[in-house]
Amino acid sequence: MDRNQRNTSILHTLGEEIVRIITPVSICMLSVVILVSILDTDSSISSSISTIATIAYTEDTSDSEWDKFKGALLNSLVFVAVVTAVTFLLVLLFYFNCTKFLKYYMGFSAFLVLGFMGGEIGIFLIQVFKFAIDCFTYLLLLLNFAIVGVFAVFMSKFPIFVTQSYMVVIGVLTAYWFTMLPEWTTWVLLVAMALYDLAAVLLPGGPLRLLVELAISRDEDIPALVYEARPIFDPGSNTTVQRRTWRDRDRRGNPESQTTGPQVGSETVGSSQNVEEGNVHELSVPLIERVRDHGLQPENLGIEGIGLGSLGAIKLGLGDFIFYSVLVGRAAMYDFMTVYACYLAIIAGLGITLILLALYQKALPALPVSVLLGVLFYVLTRVFLEEFVVQCSSKLLMF
Amino acid sequence: MTLAAGIGYVLLTLGPSLALFVTVISTKPFLILILLSSTLVWLISLIVLSGFWKVFLPIKTTTWWPYAILILTSVVFQEGLRLVLWKGYKKMEDMLDAFADRVAKPRLYLTDKMQIALAGGLGHGVAHAVFFCLSLLTPSFGPGTFYVDKCSYAPFFLVSAIISLAFVTIHTFSMVIAFNGYAQGNKSDQLIVPAIHLIAGTLTIVNLASSGCIVGIPLLYIVALSTLAYCGKMVWKRLTETQIRLTHQNQ
């Protein structure tokens, strides 16, 4: 069969962007689950955690369930209030054009996470595996790791693979620290953050919505830690960008490009019959004009701006990575069956959010659907599924 | 027994699926999404079944017929879900063909449709392996092991891994047979899939008897291998007759 010589079918390219965002989310969740399983024997550490999230109430295993729930609710309200206040502060600073300050703060927080949190987790791992290393070497390695990470996050000219990897590492480290919170506080906090995300992005007065609108109106990038799912090697990028530039030049009545049209009409890549001549130019001319187009006007590249990221890549905030991984990490502290169920629920939620993104074409909150589905599946698995499956499997009864 | 043994059990169950995944599915992102969705659908069906049976569990009697009813209801429910999946797949096929026309790419080939069915079946198989075998493997990563009274020939983890491997094969290829049967309206294909599932499920009831697994597991493998052979024969027949039809048209 000569199918190999024909064009590749749509199965090869459809869904590529979704898979490109699911892969790092899955890697982040897997790393947190592995970290939690390796380091989970320490119950003494969790009692000494005092963060903003436990300021109102420190969970005690001897409290009744209702007390724990009330305490957790109090903790989450405090946390959400602090996050709201900080986000409004962010919006205010962005409004007054203090973008440089925000960028420096972003780099500083990346350094804190990579240097201090990463360092502590590294020390835990060294303790567990009894790895022989002296503190000066460790300090040197850690410092280099953290500083390269700050540059990767800060500057946009870094190779995209390194930036993406550092984003995932920052997500893993922050998520692992969040899993050290007491159990009820974690679950109520996740639900509270999901509801906050929903309100902040969709309500007219929400801080995140204000931020996105400001950024779009000024045509700037939001200074935040955001994972951009661009491919590592993008062969299509040159032609796409040049297609835009060409189209702009054509509108200003560039006569030269018209004459090259008929010659290349026969080389069109696409085979749709009813394409007008203008489209024919678009598809084929970049093959010829590539030599001339190296002097790209930079202002045309700015058209891509925000929305779906440059060249249609999907952007997912690092906070979403963190909270998904916290959910899965907490599920891992109970049993692996809940991990699998919550993983599938979160991926399903992410898929639904991406479909909604394609439908509505505006910034959407990524937390609510996934987190609520994840919590639902965790509860269902713990209450129903586990007993059923253990009953069946332990008698070697399967279907 | 140790980390190595634990990883060994995981690979025993999921090894062939991993090979299938890496060679066939990982190159096409759409098939990865189909795999994830079908795994999710199987999980949801399992949750519904467990919700329904929660009232009756734990089964305290040592007779076999409550388990037979359990298996029967579960298989019937899952086969019904397969029909729903087929209807959903038909709608999706129409949307994909319309999309292919819009971007001027060729419509779905026959091999593409079979690959989608394979990905769906593999999703079901992986979900089975994960929930019935892998989720219970956590103790095997530690220093000890566990034996079941009724089947004391091998550690419990090994036996459950072997049974899961058979079921992964059955789920993967029966989806291809089922979708092909629905597409061609072939009644025998459509009926053989629920029959295989039911036979496989009831064969595991044999494991309830003392030393029953000596008989049950080889029979289960006979069912799995015959599913594989039947699927291979059917696919071969379909592909060669399509090619014959194409060459006749060209003449």
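Residue indices follow the written sequence of each chain, beginning from 1 at its first position. The naming scheme follows written order: chains are lettered A onward, ligands numbered 1 onward. It should be noted that, the model being predicted, local features are given only for residues of pLDDT at least 70 and side-chain atom pairs only at 80 or more, the latter also being counted only at that level, while totals for whole chains, interfaces and linings use all residues. Hydrogens and waters are ignored; side-chain quantities use all the structure's heavy atoms.

**Section: unusual backbone geometry**
Point 1. Here Gln361 of chain A, not a glycine, exhibits a phi torsion of approximately 55°, which is positive.
Point 2. Elements are defined by DSSP. Helices are runs of H or I of four residues or more, strands are runs of E of two residues or more, and each kind is numbered from the N terminus. Structurally, Gln361 of chain A is set in the loop between α13 (336–360) and α14 (367–394).
Point 3. We classify Gln361 of chain A as exposed; its relative accessible area is 55%.
Point 4. Phi is positive for Ser211 of chain B, close to 55°, though the residue is something other than glycine.
Point 5. In this structure, Ser211 of chain B sits in the loop between α6 (187–203) and α7 (213–250). The classification of residues rests on relative accessible area computed with a 1.4 Å probe and restricted to protein chains. Under 20% of the type maximum is buried, over 50% is exposed, and intermediate values are partly exposed.

**Description of empty space enclosed by the protein**
All names here are of chain B.
Point 1. Residues are called lining when one of their atoms sits within 4 Å of a cavity or pocket point, these points coming from a 1 Å grid over the protein atoms alone, where a cavity is a set in which a 1.4 Å probe fits but cannot get out and a pocket is an open set with protein on both sides within 12 Å along at least five of seven lines. Grid points are joined across faces, edges and corners, and a volume is the space filled by probe spheres set on the points. Taken as a whole and judged by the stated rule, the model has 2 cavities of 30 Å³ or more.
Point 2. The volume enclosed by the largest cavity comes to roughly 70 Å³.
Point 3. What lines the largest cavity is Val41, Trp42, Ser45, Gln78, Leu81, Arg82, Leu85, His124, His171 and His197.
Point 4. Where the lining of the largest cavity is concerned, the elements lending two or more residues are α2 (29–53) and α3 (65–102).
Point 5. With 4 residues, α3 is the largest single contributor of residues to the lining of the largest cavity.
Point 6. Class assignment of the residues belonging to the lining of the largest cavity gives a composition of 4 nonpolar, 5 polar and 1 charged. Under the convention adopted here, Pro, Cys and the residues Ala, Val, Leu, Ile, Met, Phe, Trp and Tyr are nonpolar, Asp, Glu, Lys and Arg are charged, and Gly plus all remaining residues are polar.

**Details of the interface of chain A and chain B**
Point 1. Listed per partner, the contact involves 45 residues of chain A and 66 residues of chain B.
Point 2. Summing both sides of the interface, chain A and chain B together bury roughly 5000 Å²; the carbon and sulfur share of this comes to 78%.
Point 3. For the chain A face of the interface with chain B, the top three residues by lost area are Leu11, Met398 and Phe399 of chain A, together amounting to 19%.
Point 4. A side-chain nitrogen of Lys or Arg and a carboxyl oxygen of Asp or Glu constitute a salt bridge if their distance falls within 4 Å. For the interface between chain A and chain B, the tally reads 1 salt bridge. Only heavy atoms enter the contact rule, under which two residues are in contact if any of them lie within 4.5 Å. Once two parts are put together, the accessible area they lose, assessed with a 1.4 Å probe and summed over both, is termed the buried area.

**Quick look at the packing of aromatic side chains**
Point 1. For Phe, Tyr and Trp, where Trp contributes only its six-membered ring, two rings pair if their centres lie within 6.5 Å, and the inter-plane angle classes them as stacked under 30 degrees, edge-to-face over 60, or tilted in between. Across all of its chains, the model carries 24 aromatic pairs over all chains by this definition.
Point 2. The interplanar angle of 75° and the centroid separation of 6.2 Å between the aromatic rings of Trp42 of chain B and Phe132 of chain B together place this pair among those described as edge-to-face. You can see Trp42 of chain B sitting in helix α2 and its partner Phe132 of chain B sitting in helix α4 (residues 110–133), a full 90 residues away along the chain.
Point 3. Accessibility expressed as a relative area gives 2% for Trp42 of chain B, which makes it buried.
Point 4. Overall, Phe132 of chain B belongs to the buried group, its relative accessible area being 0%.
Point 5. Put simply, the rings of Phe388 and Phe399 of chain A together with Trp42 and Phe132 of chain B touch in pairs and so form one group of aromatic residues.
Point 6. Over a ring means this: the NZ of a Lys or the CZ of an Arg is within 6 Å of the ring centre and within 35 degrees of the ring normal. The residue whose ring lies beneath Arg218 of chain A is Phe94 of chain A, and the NZ or CZ to ring-centre distance is 5.1 Å.
Point 7. Above the ring of Tyr334 of chain A, the side-chain terminus of Arg382 of chain A is found at 3.9 Å from the ring centroid.

**Notes on the side chain of Thr87 of chain A**
Residues and elements named next belong to chain A.
Point 1. Along the chain, the position of Thr87 falls in helix α2 (residues 65–95).
Point 2. Here the side chain of Thr87 touches Tyr196 through a polar contact of 3.1 Å, side chain to side chain.
Point 3. Residues in contact with Thr87, not counting those within four places in the same chain, are Tyr196, Pro207 and Leu208. For the purposes of these results, a polar contact is taken to be a pair of N or O atoms within 3.5 Å, where, inside protein, one atom must be able to donate a hydrogen and its partner to accept one; residues adjacent in sequence count only when each atom of the pair is a side-chain atom.

**Some thoughts on the nonpolar core**
Point 1. We call a set of buried Ala, Val, Leu, Ile, Met, Phe, Trp, Tyr and Cys residues a nonpolar core when their side-chain atoms join them within 4.5 Å. Counting residues in hydrophobic clusters, the biggest one holds 164 residues, and the most contacted among them are Ile21 and Phe388 of chain A together with Leu46 and Phe131 of chain B.
Point 2. Here this core takes 16 residues from helix α5 (residues 156–184) of chain B, the largest share from any one element.
Point 3. Contact partners of Phe388 of chain A, with chain neighbours within four places excluded, come to Phe399 of chain A together with Leu46, Leu49, Ser50, Trp53, Leu57, Leu70 and Ser74 of chain B.

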